[in-house]
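Descriptive analysis of the structure
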Number of protein chains: 2
Amino acid sequence: MEATAVAREALPPSLATRPTLRFEDAWVTGSAAVAGPAEGRGPLGHAFDEVCADHLLGRRTWERAESELHRRALDRLCGKLGLGRSDFDLLLAGDLLNQTVASAFAAREADIPFCGLYSACATFAEGLGLAAALCAAHYVRRVAVVVSSHHDAAERQYRFPTELGSQRPPTAQWTATGAVAVAVEAGAVDRALAKVLAFTPGRVLDYLVKDPFNMGAAMAPAAADTLAAHLAALGLPADSCGAVYTGDLARVGVPVCEELLRAAGWSVQVRDCGSELYDPAHQDVHAGGSGAACSALVFAARILPDLRGGTYARACLCGTGSLHSPTTYQQGESIPGIAHAVTLERVARGNGRP
Amino acid sequence: MEATAVAREALPPSLATRPTLRFEDAWVTGSAAVAGPAEGRGPLGHAFDEVCADHLLGRRTWERAESELHRRALDRLCGKLGLGRSDFDLLLAGDLLNQTVASAFAAREADIPFCGLYSACATFAEGLGLAAALCAAHYVRRVAVVVSSHHDAAERQYRFPTELGSQRPPTAQWTATGAVAVAVEAGAVDRALAKVLAFTPGRVLDYLVKDPFNMGAAMAPAAADTLAAHLAALGLPADSCGAVYTGDLARVGVPVCEELLRAAGWSVQVRDCGSELYDPAHQDVHAGGSGAACSALVFAARILPDLRGGTYARACLCGTGSLHSPTTYQQGESIPGIAHAVTLERVARGNGRP
């Protein structure tokens, strides 16, 4: 959980010119997490706002069910904050489905100006960073960031329909079912759950991994690259960086990322949302969780509560994404990786929302 | 081309609370347009930086060709500005392919921090608006906005492979082949081609059009909604709004949009990028052009030159997008529409880049 700059000189020179956006007035004021059944049985099940009983949520298809997850997350966020949807100035949302339709179809009913985002499973971090930027610059007062993923919808789109019962290799990850909505606001220190401190958008890196059942390895270089740039830009003492979370590198990707960080001069012990969403003793998700909702569910159910509870003073979430499609891997292409890092800080005042 | 507030009171009350982001220090400093063969034969052919001789650009697949278009647009932008790719702080990019892979695969080589966007054919306007916001707030100095679309790649993904030779109905639009890269900068008034004045992100509206061969009708309500909010927020006198362009409503969507605007109290004569990209006398594209590149190609080859040449003092580009996927229309869903509006202003000083 500690980030140590062993030899900052060892970083590639290009890192020095990479932008890290810093914020003085961007606050997370609320979050709502709606999880699927398997996610509800995991170690964070108690901390979700809603756990769905099944994968269809009363809809006829998995894709419609994912849109319903998206909708429920936003509705629950509004309910928790005592706000209407019109109290949000902007909706930044994305998901893994083709043409990000889970987000778009949920946004039909949101009646909030909508910008669609796509960074695969790093979409939540991209949204959080851009929302903080737009709020802190006082373009808007309040932004909703919503992401979702759905296990069955994603599997049949990216790999095989789950009805086939195809055997998955040990490096495969389990796409999480769920949706998370987070409110980011300006001028809200008195109501804040956490302060958004900084955002480093990442470069697309491709280390020529071609196996869509091994996304951890494909994303690890991008995660290390973004984390090195982000931690360098923060310039914090080694013992104050707090928890460093990757999105969904899982069991295969985490050691690769840590090794690459060490080679760049950073000794960082990484925690991974994909490794904390499920219970390895009772839930066989192979290498770990993934999906756009994965890092967002852990953010809402663990990182944010731990920050508020004082477990750590700061937390970095480095969302990770595989930017391939079925078409690209069927055409023999490798899998480009992306990672975006956002660091949040505990709000010291005792008058936060309970 | 004139926007007249006939009765601003007739606008829905919710419009008053819609955000329009205004910028003091966001400038378009360069653009590069790479067009496909049909687009090159159109009325703007002479104004593109490159017209490709064929649809494959030496690649084995249309999807790879689209990535190549994307890459060439960014390279030509760098060449025209005398900059390296590392002179850009951020790349905002998107396209129509599943998982926006044309952008992601081109970004592998860009070595610029990358945020993926998706608003279908309104992606260019979303990118331009967000780039201006991030520059004007001085988070970054220089952003590249790149979008692309490819006729054959889009047709086989959304509708039918072009080899089938399926007959298209008269309301169908022709997905443009091309890519455009635009540079947006802060602190660049002396080098500016145009100033980015304001950005209104739009709501997702769905008027229950279900025909993917009639996207103009599906997108028209969103365009009218965003334009009404945008023009109201600008608060300019009727004769100074300049040209008002929609992205790709084409022959079917433009009259619907104008009618809806009139009902909301705005008498606006809309020009449409989808109607100006091809020559109706010699190119049968049915209702008109479409695709993420469509509005961007017309922006680079007509709107920006006309602004600089003094044809009008301001120009509004209202990008329009259909947020469906093949899965959603095969599941019987209607087509949600989105529109984002950006207004640019002529830079009066005579010392702009020639």
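Residues numbered from 1 in each chain as written. Chains lettered and ligands numbered in written order. Predicted model: local features only at pLDDT ≥ 70, side-chain atom pairs only at ≥ 80, totals over all residues.

**Thoughts on the overall build of chain A**
Each helix and strand in chain A was counted, giving ten helices and 16 strands. Here the C-alpha atoms of chain A give a radius of gyration of 19 Å, agreeing with the 20 Å that 2.2 N^0.38 yields for 354 residues. Referenced to the eigenvectors of the C-alpha coordinate spread, the extents of chain A come out at roughly 50 × 45 × 35 Å. Per-residue burial for chain A yields a buried fraction of 66% across its 354 residues. When contacts within chain A are restricted to residue pairs at least 6 apart in sequence, long-range pairs at least 24 apart make up 80% of them. (Helix = DSSP H or I, 4+ residues; strand = E, 2+ residues; numbered from the N terminus. Rg over C-alpha atoms; globule rule 2.2 N^0.38 Å. Buried ≥ 20, exposed ≤ 12 C-beta atoms within 10 Å, placed from the backbone. Contact = placed C-beta atoms within 7 Å.)

**Describing the interface of chain A and chain B**
On the chain B side, the residues contacting the 49 residues of chain A number 50 residues. Of all the secondary-structure elements, those providing two or more residues to the side of chain A that touches chain B are α3 (101-110), β6 (114-116), α4 (123-136) and α10 (326-330) of chain A. Per element, the largest residue contribution to the side of chain A that touches chain B is five residues, and it comes from α3 of chain A. Partitioning the side of chain A that touches chain B into residue classes produces 25 nonpolar, 15 polar and nine charged. (Nonpolar A, V, L, I, M, F, W, Y, C, P; charged D, E, K, R; others polar.)

**A word on the packing of helix α2 (residues 62-81) of chain B against helix α3 (residues 101-110) of chain B**
All names here are of chain B. Where α2 contacts α3, the two axes come as close as 8 Å, and the packing angle between them is 50 degrees. Looking at the two axes, α2 sits oblique to α3. As for how α2 packs across α3, the hand of that crossing is right-handed. For the pair formed by α2 and α3, the contact residues are E63, E66, S67, H70, R71 and L74 on the first element and V101, A102, S103, F105, A106, E109 and A110 on the second. When grouped by side-chain class, the residues that make up the contact of α2 with α3 number six nonpolar, three polar and four charged. (Axes fitted to C-alpha atoms, helices over the stretch in contact; angles between N-to-C directions. Parallel < 35°, antiparallel > 145°, perpendicular 65-115°, else oblique. Left-handed = near helix turned anticlockwise from the far one by under 90°.)

**A closer look at α3 of chain A**
Of all the ten residues making up α3 of chain A, nine are buried; the element is thus mostly covered by neighbouring parts of the structure. Just beyond α3 of chain A, the residue with positive phi is D111 of chain A, at close to 60 degrees.

**What to know about the nonpolar core**
Within the largest apolar cluster, 288 residues are counted, with the highest numbers of intra-cluster contacts made by V180, V184 and L297 of chain A together with V180, V184 and L297 of chain B. When sequence neighbours within four positions are dropped, the list of residues in contact with V184 of chain B reads A26, W27, V28, L128, A131, A132, C135, V143, V145 and V196 of chain B. (Core = buried A, V, L, I, M, F, W, Y, C linked by C-beta atoms within 7 Å.)

**A few points about the relation of the copies chain A and chain B**
Least-squares fitting of chain A to chain B yields an RMSD of 0.0 Å, with the superposition described by an axial translation of 0.0 Å and a rotation of 180 degrees. Here the two chains are linked by the operation of a two-fold rotation axis. Among all residues of chain A, the one whose C-alpha sits closest to the rotation axis is L117 of chain A, at a distance of 2.2 Å. The fraction of interface residues of chain A whose copies in chain B are also interface residues reaches 100%, indicating that both copies meet through the same surface. (Least-squares fit on C-alpha atoms with pLDDT ≥ 70 in both.)

**Examining the pairing of strand β16 (residues 337-345) of chain B**
Residues and elements named next belong to chain B. Of all nine residues that make up β16, eight are buried, and the element is covered over most of its length. Inspection of the sheet shows strand β10 (residues 194-200) paired to β16 by five bridges, in the antiparallel sense. Across the sheet, F199 pairs through a bridge with V342, a residue of β16. (Pairing = 2+ DSSP bridges.)

**Regarding the domain arrangement of chain A**
Residues and elements named next belong to chain A. Its domain assignment divides chain A into domain 1 (3-21 + 194-345) and domain 2 (24-185). Relative placement of domain 1 and domain 2: their C-alpha centres are 19 Å apart. The interface of domain 1 with domain 2 comprises 55 residues on the first partner and 48 residues on the second. Counting residues per element, the ones that place at least two in the side of domain 1 that touches domain 2 are β10 (194-200), α6 (215-234), α7 (250-263), α8 (273-276), β14 (288-290), α9 (292-309), β15 (314-322) and β16 (337-345). No other element matches α9, which puts 13 residues into the side of domain 1 that touches domain 2. (Domains from an automatic or database assignment.)

**Some words on the environment of A217 of chain A**
All names here are of chain A. Locating A217 in the fold gives a position in helix α6. Given 21 C-beta atoms within a 10 Å radius, A217 is considered buried. Separated by 154 residues in the primary sequence, A217 and E63 place their C-alpha atoms 28 Å from one another. Ignoring any residue separated from it by four or fewer positions in sequence, one finds A217 in contact with V209, V252, G253 and V256.

**Concerning the packing of helix α4 (residues 123-136) of chain B against helix α9 (residues 292-309) of chain B**
To describe two helices that pack against each other, one gives the angle between their axes and the distance between the axes. Residue and element names in this part refer to chain B. Running from N to C, α4 and α9 point in directions that differ by 60 degrees, and their axes come no closer than 7 Å. As judged from the angle between their axes, α4 and α9 are oblique. Of the residues in α9, those in contact with T123, F124 and A125 of α4 are A292, S295, A296 and F299. Taken together, the residues of the contact of α4 with α9 break down into five nonpolar, two polar and no charged.

**Some remarks on unusual backbone geometry**
Phi at A120 of chain A takes a positive value of approximately 50 degrees, unusual for a residue other than glycine. Turning to its location among the elements, A120 of chain A is positioned in the loop between β6 and α4.

**Digging into helix α7 (residues 250-263) of chain B**
Each full turn of the α-helix corresponds to 3.6 residues, which orients residues three or four apart in the same direction. Residues and elements named next belong to chain B. Over its 14 residues, α7 runs 20 Å from end to end, which matches the ideal 20 Å to within 8%, given 1.5 Å per residue. Taken as a whole, α7 has its buried residues at A250, V252, G253, V254, V256, C257, E258 and L261. Positioned one or two residues after α7, G265 has a phi angle of 95 degrees, which is positive. (Expected span 1.5 Å × (residues − 1).)

**Quick word on the confidence of the model for chain A**
Of the residues in chain A, 93% have a pLDDT of 70 or more, and the chain-wide mean is 92. Across the predicted assembly, pTM comes out at 0.94 and ipTM at 0.94. (pLDDT = per-residue confidence, 0-100.)

**Description of the pairing of strand β9 (residues 178-185) of chain A**
Residues and elements named next belong to chain A. Within β9, eight of the eight residues are buried, which leaves the element mostly enclosed by the surrounding structure. Neither face of β9 is left uncovered, since the one carrying G178, V180, V182 and V184 and the one carrying A179, A181, A183 and E185 both have all their residues buried. Where strand β3 (residues 27-35) and β9 come together, eight bridges link them in antiparallel fashion. Within β9, the position partnered with S31 by the bridge is V182. As paired strands, strand β7 (residues 142-149) and β9 are joined by eight bridges and run antiparallel to one another. Following the sheet pairing, S148 is matched in β9 by A179.

**Structural notes on the environment of V143 of chain B**
Residues and elements named next belong to chain B. Counting through the fold element by element, V143 comes out in strand β7 (residues 142-149). As for V143 and L261, which are separated by 118 residues in sequence, their C-alpha atoms are 33 Å apart. Once you skip the residues sitting within four places of it in the chain, V143 turns out to touch F88, D89, L90, L92, A131, L134, C135 and V184.

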